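# Topology and contacts: notes
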Amino acid sequence: MPRLTLPKDELVSKGHSGCAGCGATLLARLCLKALGPKTIINSPACCWSVVQGVWPRAALKVPVIDHAFECTGAVSSGIRAALDAKGIDDVIVVGWAGDGGTVDIGLQALSGAVDRRTDFIYIMYDNEAYMNTGIQCSGCTPLYAWTNTTPGGKNQEWKQVAKKPIMEMLISNGIAYGATVSIAYPEDLVTKVKKAKTIRGTKFIHALSSCPPGWKIPSSKSVEVARLATQTGIFPLYEYENGAYVLNKDVKTKPVEEYLMSQGRFKHLTPAMIAEVQRRVDEDYAALKAKCKGAGASG
Amino acid sequence: METYRDLPQSTYSLQTTESVRTGTWRTFRPIIDTKKCTRCYTCWKFCPDVSIEVREEGEYPRVDYDHCKGCGICANECPTGAIEMVREDSIC
Ligand SMILES: Cc1ncc(C[n+]2csc(CCOP(=O)(O)OP(=O)(O)O)c2C)c(N)n1
Ligand code: SF4
Ligand code: SF4
Ligand SMILES: [Mg+2]
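These remarks concern the structure in this document. All figures in this text were calculated on a predicted structure; none of them were measured in a lab.

Criteria and cut-off values
- Residues numbered from 1 in each chain as written.
- Chains lettered and ligands numbered in written order.
- Predicted model: local features only at pLDDT ≥ 70, side-chain atom pairs only at ≥ 80, totals over all residues.
- Heavy atoms only, no water.
- Axes fitted to C-alpha atoms, helices over the stretch in contact; angles between N-to-C directions.
- Helix = DSSP H or I, 4+ residues; strand = E, 2+ residues; numbered from the N terminus.
- Parallel < 35°, antiparallel > 145°, perpendicular 65-115°, else oblique.
- Left-handed = near helix turned anticlockwise from the far one by under 90°.
- Contact = heavy atoms within 4.5 Å.
- Donors = N, O, S within 2.8 Å, 3.2 Å for Na, K, Ca; no water.
- Buried < 20%, exposed > 50% of the residue type's maximum accessible area, 1.4 Å probe, protein only.
- Buried area = accessible area lost by both parts, 1.4 Å probe.
- Salt bridge = Lys/Arg side-chain N within 4 Å of Asp/Glu carboxyl O.
- Polar contact = N/O pair within 3.5 Å; in protein donor to acceptor, adjacent residues only side chain to side chain.
- Near = heavy atom within 4 Å.
- Areas by Shrake-Rupley, 256 points an atom, 1.4 Å probe, with all protein chains shown as cover.
- Nonpolar A, V, L, I, M, F, W, Y, C, P; charged D, E, K, R; others polar.

### Brief notes about the packing of helix H1 (residues 23-35) of chain A against helix H7 (residues 186-198) of chain A
All names here are of chain A.
- With their axes 8 Å apart at the nearest point, H1 and H7 run at an angle of 45° to one another. Taken together, the axes of H1 and H7 lie oblique to each other. For the element pair H1 and H7, the recorded crossing hand is right-handed. Packed against H1, whose contacting residues are Leu27, Leu30, Cys31, Ala34 and Leu35, the element H7 presents Pro186, Leu189, Val190, Val193, Lys194 and Lys197 at the interface.

### A closer look at the coordination of the magnesium ion (ligand 4)
All names here are of chain A.
- Looking at the metal site, the magnesium ion (ligand 4) is ligated by Asp99 (OD), Asn127 (OD1) and Ala129 (O), spaced 2.0 to 2.1 Å from it.
- Each donor residue of the magnesium ion (ligand 4) belongs to the same chain, and together they define the spacing D-x27-N-x1-A. One end of the pair, Asp99, is in the loop between strand E4 (92-98) and helix H4 (100-104); the other, Ala129, is in the loop between strand E5 (120-126) and helix H6 (166-173), and 30 residues separate them in sequence. Like Asp99, the residue Ala129 is buried in the burial classification.

### What about the interface of chain B and chain A?
- Every contact between the two is made by 39 residues of chain B and, on the other side, 43 residues of chain A.
- Both sides of the chain B and chain A interface together cover about 3400 Å² of buried area, and 58% of this is carbon and sulfur.
- Run the count over chain B and chain A and you get five salt bridges.
- Seen at the junction of chain B and chain A, the total is 29 residue pairs in polar contact (both at pLDDT 80 or more).

### Looking at the pattern of salt bridges
- For the structure shown, the criterion picks out 32 salt bridges over all chains.
- For Glu168 of chain A, the salt bridge goes to Lys291 of chain A, with nearest N and O atoms at 3.2 Å. With a gap of 123 residues between them, Glu168 of chain A in helix H6 and Lys291 of chain A in helix H11 (residues 271-291) connect regions that are remote in the sequence.
- Of the residues examined, Glu168 of chain A reaches a relative accessible area of 31% and is grouped as partly exposed.
- You can call Lys291 of chain A partly exposed: its relative accessible area is 37%.
- Across the pair Lys45 of chain B and Glu187 of chain A runs a salt bridge, and its minimum N-O distance is 2.8 Å.

### As for the site of ligand 1
Residues and elements named next belong to chain A.
- Taken together, 16 residues sit near ligand 1, with Gly100, Gly101, Tyr125, Met131 and Asn132 positioned nearest.
- In the environment of ligand 1, an oxygen atom lies 2.9 Å from a nitrogen or oxygen atom belonging to the backbone of Met131.
- A distance of 2.8 Å separates an oxygen atom of ligand 1 from a polar atom in the backbone of Asn132.
- Protein contact buries 73% of the 580 Å² of open area that ligand 1 shows by itself.
- Residues of the shell around ligand 1, tallied by class, amount to eight nonpolar, six polar and two charged.

Okay, here's the thing in structure tokens:
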């Protein structure tokens, strides 16, 4: 008999305010399938503060605390401290923030939480720009990408540097577990988020979340483009735990050009720029493989 | 609620967003052809709007047109091409 390959319960309600084809809303739906109802989410200013819906309605069927942009790490530590004071140890604390709210504006609070070894899961949904305020460049915007603050023009002012290596930064900071996940690989995602629930200490999940208006892609291609990111090696799926790396899906089979050319934000790239991206991706992927002991069983 | 005095002291939600009919956003309507559908539930997995319903495992997926925004992910991901996106204004 045909079977569902993911948990059936839905903790994201229909009628939320996410754009059609929003990767970040699909991500929340999938993550909450793994997290379950005993979860408290806290979230800074980001698209998700809008996706949640307009009061008196709420799209998430778990408690959510909204707070200022900088605070996800601090609020997560606070919720955990309150639960500890009450002797509650079966509730998962989740910090849910965008890339801008993580790698730029929330970085020091997150680093503080890692420093305190706060027992929580931090999920960064990475749509690679400040999308909620109209597509401004963030520390996670990829090399050469168009955004409204890297608009190109005659001085070729596209994004000039690569994404911040947030996972490496947090690993050296002391996280207990790190994983990259993608909406295009839901079973792998659910396995890793479930695993994060069983580990004590700070867990960091980096989730690539396609954004149709920000990436200039048709809404129908949201999952396909996210899959291409993994198939081209641009967004490899791996885990980090106790000093060891595991590559979950060794599926780098396609040239980066396929991923780049599927999106309007990269349509200005010259063959030389594409070759430069390819060179960097090959190098990073080889370095990651060298760190991994082999393909894991997850997903 | 008449004035600000009627607001609760802190903002807690009173209902889910389910009463919001996001189906009105839709330009293209996904239509599932059960002759081609193999019930793999790929469409259910990838719908960001929780709008593909599988009430019992084994049954054919159904679209909730009150909430489906018509993004077309389900049609794009369906491995057998069982879902067609049809313009709303071409349906009478
Ligand atoms: C201190 C502060 N600066 C700026 C803003 C305005 N602001 C709200 S959401 C947002 C973008 C957030 O980007 P990101 O964290 O990547 O999440 P996304 O919107 O892309 O989901 C900005 C700049 C704010 N709310 N607070
Ligand atoms: S993805 Fe296609 S074949 Fe699979 S259940 Fe949905 S409609 Fe049927
Ligand atoms: S068109 Fe989009 S919103 Fe509608 S059922 Fe398909 S995936 Fe869901
Ligand atoms: Mg963002």
